[in-house]
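Listed below, chain by chain, are the residues.
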Amino acid sequence: MNENMIINEIPTVEKVIAFTFDDGPDPIYTTQLLEIFHSVRGKATFFMIGEEVVKYPEIVRKVAEQGHDIGNHTFSHPNLSMLSTAKCLEEIELNEKSIEKVIRQKPVVFRPPYLDYNEDTISSISNKGYPPMIGALNLEARDWEQPGIDHILAKSRECVKNGSILIFHDGYGDRSQTIEAVSKLVSELTLQGYQFVTVSELLKLSKNPI
């Protein structure tokens, strides 16, 4: 399968990095993340699940109002490669409609749940006008398994460079380890001179326009 269908980083000379968060919105953890990024005047990208969007529209609105990207992470978080083309498209479009209903605009980027996809997923995403699917470099951090703050930090630090995309989770369970790790990492990277940008901002810096 064509690896270019998933973007894990955008090589750039600029000292920028994109933090991304899956599985929200969540009234506790998403709100804490908004405070962290507000404190450093940074932006992030939130790949939201439609079922959670429906539950917490006020959080979705807050994320958008503060200038962060909202990405499509499907409506119910299935393995897309296990679905028919029609069902795959339905998952994408249902979430689009849920988000659009709240913020009056569609999500700008897409990440498949579990980073699981097939040719049908690629076709559906392309036909819907999304850029290539968004992955991340720090998958070994595995914050969704709550492996400990130190593990999340260590594996994420290994992936820090200009144009990195990092993945974390702000929904579906106790995300307190993630919040603590992200808070520390953001502080460290701020001291190192990094700026925090949305994925759509990062894509615009690509040397090879998509």
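You'll find the structure just up there.
Presented here is an overview of the structure given in this document.

Procedures and definitions
- Residues numbered from 1 in each chain as written.
- Predicted model: local features only at pLDDT ≥ 70, side-chain atom pairs only at ≥ 80, totals over all residues.
- Heavy atoms only, no water.
- Helix = DSSP H or I, 4+ residues; strand = E, 2+ residues; numbered from the N terminus.
- Rg over C-alpha atoms; globule rule 2.2 N^0.38 Å.
- Buried < 20%, exposed > 50% of the residue type's maximum accessible area, 1.4 Å probe, protein only.
- Areas by Shrake-Rupley, 256 points an atom, 1.4 Å probe, with all protein chains shown as cover.
- Lys, Arg positive; Asp, Glu negative; His and termini not counted.
- Charge placed at Lys NZ, Arg CZ, Asp CG, Glu CD.
- Contact = heavy atoms within 4.5 Å.
- Phe/Tyr/Trp six-rings, centres within 6.5 Å; stacked < 30°, edge-to-face > 60°.
- Lys NZ or Arg CZ within 6 Å of the ring centre and 35° of its normal.
- Salt bridge = Lys/Arg side-chain N within 4 Å of Asp/Glu carboxyl O.
- 1 Å grid on protein atoms, 1.4 Å probe; cavity = no way out; pocket = protein on both sides within 12 Å on 5 of 7 lines; lining within 4 Å.
- Points joined across faces, edges and corners; volume = space filled by probe spheres on them.
- Nonpolar A, V, L, I, M, F, W, Y, C, P; charged D, E, K, R; others polar.

## Some thoughts on the overall build of the protein chain
Stage number 1. The helix and strand inventory of the protein chain stands at 8 helices and 8 strands.
Stage number 2. Here the protein chain has a C-alpha radius of gyration of 16 Å; the compact-globule value for 210 residues is 17 Å, and the two agree.
Stage number 3. Dimensions of the protein chain, computed from C-alpha atoms along their principal axes, come out at roughly 45 × 35 × 30 Å.
Stage number 4. Counting across all 210 residues of the protein chain, residues that qualify as buried make up 52%.
Stage number 5. Summing over all exposed atoms, the protein chain offers an accessible surface of approximately 9800 Å²; the carbon and sulfur share of this is 48%.
Stage number 6. Seen as two clouds, the 21 positive and the 30 negative side-chain charges of the protein chain have centres 5 Å apart.

## With respect to the environment of Pro-25
Stage number 1. With respect to the helices and strands, the residue Pro-25 is situated in the loop between strand S2 (16-24) and helix H1 (29-39).
Stage number 2. Given the relative accessible area of 1%, Pro-25 is considered buried.
Stage number 3. Residue contacts for Pro-25: discarding those within four places in its chain leaves Thr-30, Met-48, Ile-49, Glu-52, Val-53, Tyr-56, Ile-59 and Val-60.

## Structural notes on unusual backbone geometry
Stage number 1. A cis amide bond, omega 5°, links Gly-24 with the succeeding residue Pro-25.
Stage number 2. Notably, Tyr-114 is not glycine yet its phi reads approximately 60°, a positive angle.
Stage number 3. Along the polypeptide, Tyr-114 turns up in the loop between strand S5 (109-110) and helix H5 (119-127).
Stage number 4. Located in the positive-phi region is Tyr-172, a residue other than glycine, with phi close to 60°.
Stage number 5. Mapped onto the fold, Tyr-172 is located in the loop between strand S7 (164-169) and helix H7 (176-191).
Stage number 6. Overall, the relative accessible area of 40% leaves Tyr-172 in the partly exposed class.

## Side note on the packing of aromatic side chains
Stage number 1. Under the counting rule described, the total for this entry stands at 8 aromatic pairs.
Stage number 2. Both rings, one in Phe-37 and one in Phe-196, keep their centres 6.0 Å apart while their planes meet at 85°; by these two values the pair is edge-to-face. In this pair, Phe-37 is assigned in helix H1 and Phe-196 in strand S8 (residues 195-196), connecting sequence segments 159 residues apart.
Stage number 3. The exposure class assigned to Phe-37 is buried, which follows from its relative accessible area of 0%.
Stage number 4. Three or more aromatic residues joined by ring pairs form one cluster here, namely Phe-19, Phe-21, Phe-37, Phe-46, Phe-168 and Phe-196.
Stage number 5. Its end group placed over the ring of Tyr-194, Lys-15 keeps NZ or CZ at 5.0 Å from the ring centre.

## Regarding the pattern of salt bridges
Stage number 1. Evaluation of the coordinates by the stated rule reveals 9 salt bridges.
Stage number 2. One salt bridge connects Glu-9 with Lys-161, and the closest N-O pair in it is separated by 3.2 Å. One end of the pair, Glu-9, is in the loop between strand S1 (6-7) and S2; the other, Lys-161, is in the loop between helix H6 (149-157) and S7, with 152 residues separating them in the sequence.
Stage number 3. The exposure class assigned to Glu-9 is partly exposed, which follows from its relative accessible area of 27%.
Stage number 4. Under the relative-accessibility criterion, Lys-161 is labelled partly exposed at 38%.

## A short note on the layout of surface pockets
Stage number 1. In this structure, the largest pocket encloses a volume near 160 Å³.
Stage number 2. Of all elements in the fold, only S2 and S7 reach the threshold of two or more residues within the lining of the largest pocket.
Stage number 3. Residue composition of the lining of the largest pocket, grouped by class: 7 nonpolar, 3 polar and 3 charged.

The analysis is restricted to geometry; functional conclusions fall outside its scope.
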